[in-house]
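Examining the three-dimensional arrangement
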Amino acid sequence: MVFNTNPDCLKLIKEGKCKADCCGCIPLNERYWRILKKHVQTDDYKIFKFKSFGENMVKAVTKDFKCVFVKPDYTCAIHNSHLRSEVCKKFGQDATEPLLACPNINEDKKDFLAEYSDKKIKALALKADPAALEYLKRK
């Protein structure tokens, strides 16, 4: 399946089509987290620490599973930072990876994308991904 790429996020936000629902809890290198956490937009989150490929990582998980850096106007508080997650930098730029596809510019594939991401979360939970386990527990 091929996805449309290069969403105009600011335009989608202004049109009311985007509410940052795809901006979820992403892994960050723990050193980057220490630098970026001053940009967190909420006090209501829990930190999960883990190792990935030998690196100390964190996931900041909010009650609604939105990214802690999403501002009230649905823009990103760290969008211009070189420390922003690679996942965020690649989002909407890959025509073949469903987890990186913007549902707002792929409206005809929204149901597929939602189902695909739920399956991935369940698979991660089986591998004991702390954020995935928390997501399933709350669902």
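Everything below is about the structure shown above.
Residues numbered from 1 in each chain as written. Predicted model: local features only at pLDDT ≥ 70, side-chain atom pairs only at ≥ 80, totals over all residues. Heavy atoms only, no water.

For the rest of this paragraph, the subject is the overall build of the protein chain. A count of helical and extended segments in the protein chain gives five helices and three strands. For the protein chain, the sequential pattern of α-helices and β-strands runs α-β-α-β-β-α-α-α. In terms of its C-alpha atoms, the protein chain occupies a principal-axis envelope of roughly 35 × 30 × 25 Å. Surface summary for the protein chain: the accessible area is close to 9100 Å², and the carbon and sulfur share equals 53%. (Helix = DSSP H or I, 4+ residues; strand = E, 2+ residues; numbered from the N terminus. Areas by Shrake-Rupley, 256 points an atom, 1.4 Å probe, with all protein chains shown as cover.)

To continue, consider unusual backbone geometry. One non-glycine residue, N6, lies in positive phi territory at about 60°. Although it is not a glycine, A20 adopts a positive phi angle of roughly 60°. Turning to its location among the elements, A20 is positioned in the loop between α1 (9–14) and β1 (28–29). Residue class for A20 comes out buried when judged on its relative accessible area of 1%. (Buried < 20%, exposed > 50% of the residue type's maximum accessible area, 1.4 Å probe, protein only.)

Another aspect to go through is the side chain of S81. Mapped onto the fold, S81 is located in the loop between β3 (55–62) and α3 (86–90). A polar contact is formed between the side chain of S81 and the backbone nitrogen of L83, at a distance of 3.0 Å. (Polar contact = N/O pair within 3.5 Å; in protein donor to acceptor, adjacent residues only side chain to side chain.)

Next up on the list: empty space enclosed by the protein. Counted according to the given criterion, the structure contains one cavity of 30 Å³ or more. Taken together, C25, I26, L28, W33, V58, K59, A60, C67, V68 and F69 make up the full set of residues lining the largest cavity. No other element matches β3, which puts three residues into the lining of the largest cavity. (1 Å grid on protein atoms, 1.4 Å probe; cavity = no way out; pocket = protein on both sides within 12 Å on 5 of 7 lines; lining within 4 Å. Points joined across faces, edges and corners; volume = space filled by probe spheres on them.)

Let us now look at the pattern of salt bridges. Under the counting rule described, the total for this entry stands at eight salt bridges. For K89, the salt bridge goes to E86, with nearest N and O atoms at 3.4 Å. With a gap of three residues between them, K89 and E86 both fall in helix α3, about one helical turn apart. On the basis of relative accessible area, K89 is assigned to the partly exposed category, the value being 31%. Judged by its relative accessible area of 47%, E86 falls in the partly exposed class. In this structure, K109 and D108 form a salt bridge, with 3.5 Å as the shortest nitrogen-oxygen distance. In this structure K109 comes out as buried when scored by relative accessible area, which is 16%. Overlapping salt bridges, with partners in common, bring together K11, E15 and K17 in one network. (Salt bridge = Lys/Arg side-chain N within 4 Å of Asp/Glu carboxyl O.)

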